[in-house]
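Commentary on secondary and tertiary structure
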Amino acid sequence: MRRSVKILLIFVAVLAVLVAAGAIAFKLMSAGLADLAAMEIEDVDLSVVEDGVYEGSYARLPVSATVRVTVADHAIAAVEIVEHVNGQGLAGEAVVADVIAANSIAVDAVAGATYSSKVILLAIGNAVTDGERIG
């Protein structure tokens, strides 16, 4: 009987630690997403960006994106989404058309996909400012 009580106590302790860790992770993730939703996206100065293809990424759990941005004549000519972990924010990928049309990342997020839209915009900004030139 004593052995089964020990096993039960260990099981309860492990379960309690897992629940606490999950609650902490959820709280941190929620705070990060709230910060992302409130964030204003600042435009980038494309006049200093050389023509080429640049790769960049941005992540804010649970959303992440990696993009390839083609710059031609100091304008965003194309954006390819290489990877987009989005949960339910697939619609956020539509923001790419607005970026190309406006030649700016300071565009409105897609309604209903705010987190994904902003992560994609920030990935594009990172690509052309700090990203790796791959072409």
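This text gives an overview of the structure that appears in the document. (Residues numbered from 1 in each chain as written. Predicted model: local features only at pLDDT ≥ 70, side-chain atom pairs only at ≥ 80, totals over all residues. Heavy atoms only, no water.)

1. Examining the pairing of strand β3 (residues 75–85)
The pairing of strand β2 (residues 63–72) with β3 spans 9 bridges and is classified as antiparallel. Paired with T66 across the two strands is E83, which belongs to β3. Counting the residues in the hairpin turn of β2 and β3 gives 2 residues, including D73, whose phi is positive at 55 degrees. (Pairing = 2+ DSSP bridges. Helix = DSSP H or I, 4+ residues; strand = E, 2+ residues; numbered from the N terminus.)

2. Remarks on the sheet that holds strand β4 (residues 132–133)
Read across the sheet, 4 strands follow the order β3-β2-β1-β4 without closing on themselves; strand pairing throughout is antiparallel. Every interior strand has two partners, whereas the edge strands, β3 and β4, have only one.

3. Quick notes on the layout of surface pockets
Roughly 170 Å³ of volume is contained in the largest pocket. Lining the largest pocket are L33, P62, V63, N86, G87, Q88, G89, G112, A113, T114, Y115 and S116. With 3 residues, helix α3 (residues 114–129) is the largest single contributor of residues to the lining of the largest pocket. For the lining of the largest pocket, the per-class residue count stands at 5 nonpolar, 7 polar and no charged. (1 Å grid on protein atoms, 1.4 Å probe; cavity = no way out; pocket = protein on both sides within 12 Å on 5 of 7 lines; lining within 4 Å. Points joined across faces, edges and corners; volume = space filled by probe spheres on them. Nonpolar A, V, L, I, M, F, W, Y, C, P; charged D, E, K, R; others polar.)

4. A few points about the environment of D130
Checked against the element boundaries, D130 lands in the loop between α3 and β4. The class of D130 is exposed, set by a relative accessible area of 64%. Counting along the chain gives 76 residues from D130 to Y54, while the straight-line C-alpha distance between them is 9.0 Å. (Buried < 20%, exposed > 50% of the residue type's maximum accessible area, 1.4 Å probe, protein only.)

5. Quick word on the pattern of salt bridges
Inspection of every chain in the model, using the stated rule, returns 3 salt bridges. Where R133 meets E50, a salt bridge forms, and the shortest distance between an N and an O atom there is 3.2 Å. Of this pair, R133 sits in strand β4 while E50 sits in the loop between α1 (2–38) and β1 (52–60), and the two are 83 residues apart along the sequence. Here E80 ties to R68 by a salt bridge, and the two come within 3.7 Å at their closest N and O atoms. Residue E80 is found in strand β3, and its partner R68 is found in strand β2; the two are separated by 12 residues along the sequence. Residue classification places R68 among the partly exposed positions, given a relative accessible area of 29%. What you see here is one network of salt bridges that share partners, running through E55, R68 and E80. (Salt bridge = Lys/Arg side-chain N within 4 Å of Asp/Glu carboxyl O.)

6. What to know about the side chain of N86
By the element assignment, N86 lies in the loop between β3 and α2 (95–102). By relative accessible area, which is 14% here, N86 ends up buried. Apart from the residues lying within four places of it in its own chain, the contact partners of N86 are E93 and S116. (Contact = heavy atoms within 4.5 Å.)

7. Some points on the nonpolar core
Counting 30 residues, the largest nonpolar core has V69 and I124 as the members making the most contacts within it. The set of elements that each furnish at least two residues to this core consists of α1, β1, β2, β3, α2 and α3. Sorting elements by how many residues they give to this core places α3 first, with 8 residues. Once residues within four sequence positions are removed from consideration, V69 is found in contact with G52, V53, Y54, I76, A78, V79, I124, A127 and V128. (Core = buried A, V, L, I, M, F, W, Y, C linked by side-chain atoms within 4.5 Å.)

8. Notes on the packing of α1 against α3
One way to put it is that α1 packs onto α3 with a least axis distance of 9 Å and a crossing angle of 70 degrees. One way to sum up the angle between α1 and α3 is to call them roughly perpendicular. Between α1 and α3, the contacting residues are L33, L36, A37 and A38 on the first element and T114, Y115, K118, V119 and L122 on the second. In terms of residue class, the contact of α1 with α3 is built from 7 nonpolar, 1 polar and 1 charged. (Axes fitted to C-alpha atoms, helices over the stretch in contact; angles between N-to-C directions. Parallel < 35°, antiparallel > 145°, perpendicular 65-115°, else oblique.)

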